[in-house]
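Structural characterization, general
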Amino acid sequence: MSTSACKLKVRNLAKNFTLHTLGGVRVHGFSGINFSLPKGQLLALSGPSGAGKSSILKTIFRSYLASSGSALFCRNDGSEVDLATCSESRILDLRRREIGFVTQFLKILPRVSALDTVARPLVEIGVEEAEAKARAEQMLRRLGIRPELFALSPLTFSGGEQQRVNIARGIIAPKELLLLDEPTASLDAKSSNTVLDMLAELKQQGIAMIAIFHDQNKIDRIADICVPVVREQ
Ligand SMILES: Nc1ncnc2c1ncn2[C@@H]1O[C@H](COP(=O)(O)OP(=O)(O)O)[C@@H](O)[C@H]1O
Ligand SMILES: [Mg+2]
């Protein structure tokens, strides 16, 4: 594999939390994380609860500041940006265009319909509204959301329905690097399968992904690389 195909190179990434409100108590997040993620591949983070998996995604997205190490993001023009140390304005720019985060739980504004919630990322990149809504509708149908729900706010939806809206919104206009925190955690087998099919299609389009799954079967089916995260004793 040529190095130009690489999307992200993580070296010795570590995070400790210093709790200033508790007299500076230090809590171990994770340490010693190393991997290279090529374009079009999915890397799964596995490990027990509390091992630091979500914190790794948040550190790559720079919601958390790394304590040490680097996360080199490879842009299409061949330049590299260290997500652990780059400026805030650079990270905000990358989040707008190149790096997406599908969080574990749906966070949305009230009174916006499910259809508009999912169509929004397409409208933001310049897709005409009618076309964006048509594609959002197609995606929601594929994920098994009943059409009678399209005009309602997802705040009234079940946990599994909310998660499907969240995934649809996160992948309808996919950024080149997608971070997915337990995307199938509250889904039944059928919806999980659909989501895994969609992630496989994103790989075909060259999207690089880091995802957290608990189920080894899902990792075996979709992941190209698996990085176990161990909890420090
Ligand atoms: N903002 C935070 N402040 C303090 N400790 C945190 C914070 N976020 C995560 N942690 C701690 O880091 C460890 C790893 O958490 P997390 O990344 O959520 O694990 P996982 O996703 O693997 O279950 C836990 O001990 C957790 O309490
Ligand atoms: Mg987690």
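Given the structure is predicted, the values throughout are model-derived calculations rather than measurements.

1. Considerations on the pairing of strand β3 (residues 42-46)
In terms of burial, β3 is largely enclosed, as five of its five residues are buried. Judged by which residues are buried, β3 turns out to be covered on both faces: L42, A44 and S46 on one side and L43 and L45 on the other are all buried. As defined by bridge partners, β3 adjoins strand β8 (residues 208-212) across four bridges and the pair is classed as parallel. In the sheet register, A44 faces β8, and the bridge partner there is A211. Alignment of β3 against strand β9 (residues 225-228), held across four bridges, turns out to be parallel. Each bridged residue has a counterpart across the sheet, and for L45 the counterpart in β9 is V227.

2. Quick look at the site of ligand 1
Close to ligand 1 lie 13 residues; G50, G52, K53, S54 and S55 are nearest. Between an oxygen atom of ligand 1 and a side-chain N or O atom of S55, the distance comes to 2.6 Å. The side chain of Y64 places a nitrogen or oxygen atom 2.9 Å from a nitrogen atom of ligand 1. Starting from 560 Å² of accessible surface for ligand 1 in isolation, the protein chains cover 65%. Mapped onto the shell around ligand 1, the elements with two or more residues apiece are β1 (6-19), β2 (25-38) and α1 (53-60).

3. Side note on the pattern of salt bridges
All told, the structure shown has 16 salt bridges when counted by the stated rule. As a salt-bridge pair, R221 and D197 come within 2.8 Å of each other at their nearest N and O atoms. Placement of the pair is R221 in helix α7 (residues 216-222) and D197 in helix α6 (residues 189-204), with a sequence separation of 24 residues. For D197, a relative accessible area of 35% corresponds to the partly exposed category.

4. Digging into α6
Taking 1.5 Å per residue, 16 residues should reach 22 Å; α6 reaches 23 Å between its end C-alpha atoms and fits that length. Here α6 has its buried residues at S191, S192, T194, V195, L196, M198, L199, L202 and K203. Contacts from the buried residues of α6 go to β3, α4 (129-142), α5 (159-171), β7 (177-181), β8 and α7. Just past α6, the residue G206 takes up positive phi, approximately 95 degrees.

Rules behind the numbers
Residues numbered from 1 in each chain as written. Chains lettered and ligands numbered in written order. Predicted model: local features only at pLDDT ≥ 70, side-chain atom pairs only at ≥ 80, totals over all residues. Heavy atoms only, no water. Buried < 20%, exposed > 50% of the residue type's maximum accessible area, 1.4 Å probe, protein only. Helix = DSSP H or I, 4+ residues; strand = E, 2+ residues; numbered from the N terminus. Pairing = 2+ DSSP bridges. Near = heavy atom within 4 Å. Polar contact = N/O pair within 3.5 Å; in protein donor to acceptor, adjacent residues only side chain to side chain. Areas by Shrake-Rupley, 256 points an atom, 1.4 Å probe, with all protein chains shown as cover. Salt bridge = Lys/Arg side-chain N within 4 Å of Asp/Glu carboxyl O. Expected span 1.5 Å × (residues − 1). Contact = heavy atoms within 4.5 Å.

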